[in-house]
Amino acid sequence: MAPSAEVPSATVPVVGPATRADFDRIRELTVGVYRDEELASTQYLAELGDVEGRAGRSQLLVARLDGRVVGSVALVLDGDFGEVTAGPAEAAFRMLVVDPAARGAGVGELLVTTCLDRARAAGKASMVLSTDPRMTAAHRLYERLGFRRLPGRDWSPVPGVDLLVYALGL
Ligand SMILES: CC(C)(COP(=O)(O)OP(=O)(O)OC[C@H]1O[C@@H](n2cnc3c(N)ncnc32)[C@H](O)[C@@H]1OP(=O)(O)O)[C@@H](O)C(=O)NCCC(=O)NCCS
């Protein structure tokens, strides 16, 4: 029998560009998670809250589940917002977050693989990112997708914050 339009389809996350209408939710989600999980300084929380600012310097992507934003990431294909990018052949992503209530279902992986696909389509040779040592779930995700540590490029944005750099060839 052909599927009826009344039968709800399975809930699957969908990743696409954020619109201005998503900015408040992205701010709430990103600042809320980084604050509650103690992943950011007060200064960095202010930067995480500047969604308008990063929308102008990156491709802001969101993951929706049943239409609700449950994740976000900023994909950087050029410019200094990448922080750790060493030249035009490198892309970066930053400020990856998934709502705790939606974790463990592949939303984070879909956000990252969408960044990889878009960077590859833009002709980039590699994806780089820096991450806090406490973000262990993220590190498992990166390693599962083939990212490797680049210890020679680890760096400290401010004294006492020591970030790890990961990279993946595209
Ligand atoms: C890192 C983060 C984005 C991962 O989000 P997520 O949506 O839970 O990621 P995934 O679902 O793709 O993967 C998480 C786990 O679920 C598992 N999983 C994925 N799909 C699954 C499925 N369909 N069924 C069962 N398990 C599944 C994965 O194998 C993974 O397991 P592991 O952690 O034991 O390795 C999220 O934990 C987060 O927001 N952390 C705080 C912010 C942060 O650290 N950001 C990184 C910045 S560098």
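Residues numbered from 1 in each chain as written. Predicted model: local features only at pLDDT ≥ 70, side-chain atom pairs only at ≥ 80, totals over all residues.

## Description of the environment of Arg-94
- By secondary structure assignment, the location of Arg-94 is in strand β4 (residues 90–98).
- Between the alpha carbons of Arg-94 and Ala-18 there is a distance of 15 Å; along the sequence they are 76 residues apart.
- Here Arg-94 is in contact with Ala-74, Val-76, Glu-83 and Leu-129, once residues within four sequence places are set aside. (Helix = DSSP H or I, 4+ residues; strand = E, 2+ residues; numbered from the N terminus. Contact = placed C-beta atoms within 7 Å.)

## Examining the site of the ligand
- Taken together, 20 residues are adjacent to the ligand, and Arg-103, Gly-106, Gly-108, Glu-109 and Met-135 come closest.
- Looking at the shell around the ligand, the elements with two or more residues in it are β4, α4 (107–121), β5 (126–131) and α5 (136–144).
- Counting residues per element, the shell around the ligand draws most heavily on α5, at four residues. (Near = placed C-beta within 6 Å.)

## Observations regarding the nonpolar core
- Residues Leu-75, Phe-93, Leu-111 and Met-127 are the most contacted members of the largest nonpolar core, which totals 37 residues.
- Residue assignment for this core shows that the elements contributing at least two residues are α1 (23–36), β2 (59–65), β3 (68–76), β4, α4, β5, α5 and β7 (164–169).
- Leave out the neighbours within four places in its chain, and Leu-75 touches Ser-58, Gln-59, Leu-61, Ala-91, Phe-93, Cys-115 and Arg-118. (Core = buried A, V, L, I, M, F, W, Y, C linked by C-beta atoms within 7 Å. Buried ≥ 20, exposed ≤ 12 C-beta atoms within 10 Å, placed from the backbone.)

## Brief notes about the packing of α1 against helix α2 (residues 42–49)
- Following both chains from N to C, one finds α1 and α2 inclined at 160°, their axes separated by 9 Å at the closest point. Classified by the interaxial angle, the pair formed by α1 and α2 is roughly antiparallel. The two elements α1 and α2 meet at a crossing, and its hand is right-handed. Residue-level inspection shows Arg-27, Thr-30, Val-31, Tyr-34 and Arg-35 of α1 in contact with α2, the latter providing Leu-45, Leu-48 and Gly-49.
- Of the residues assigned to the contact of α1 with α2, the class counts are four nonpolar, two polar and two charged. (Axes fitted to C-alpha atoms, helices over the stretch in contact; angles between N-to-C directions. Parallel < 35°, antiparallel > 145°, perpendicular 65-115°, else oblique. Left-handed = near helix turned anticlockwise from the far one by under 90°. Nonpolar A, V, L, I, M, F, W, Y, C, P; charged D, E, K, R; others polar.)

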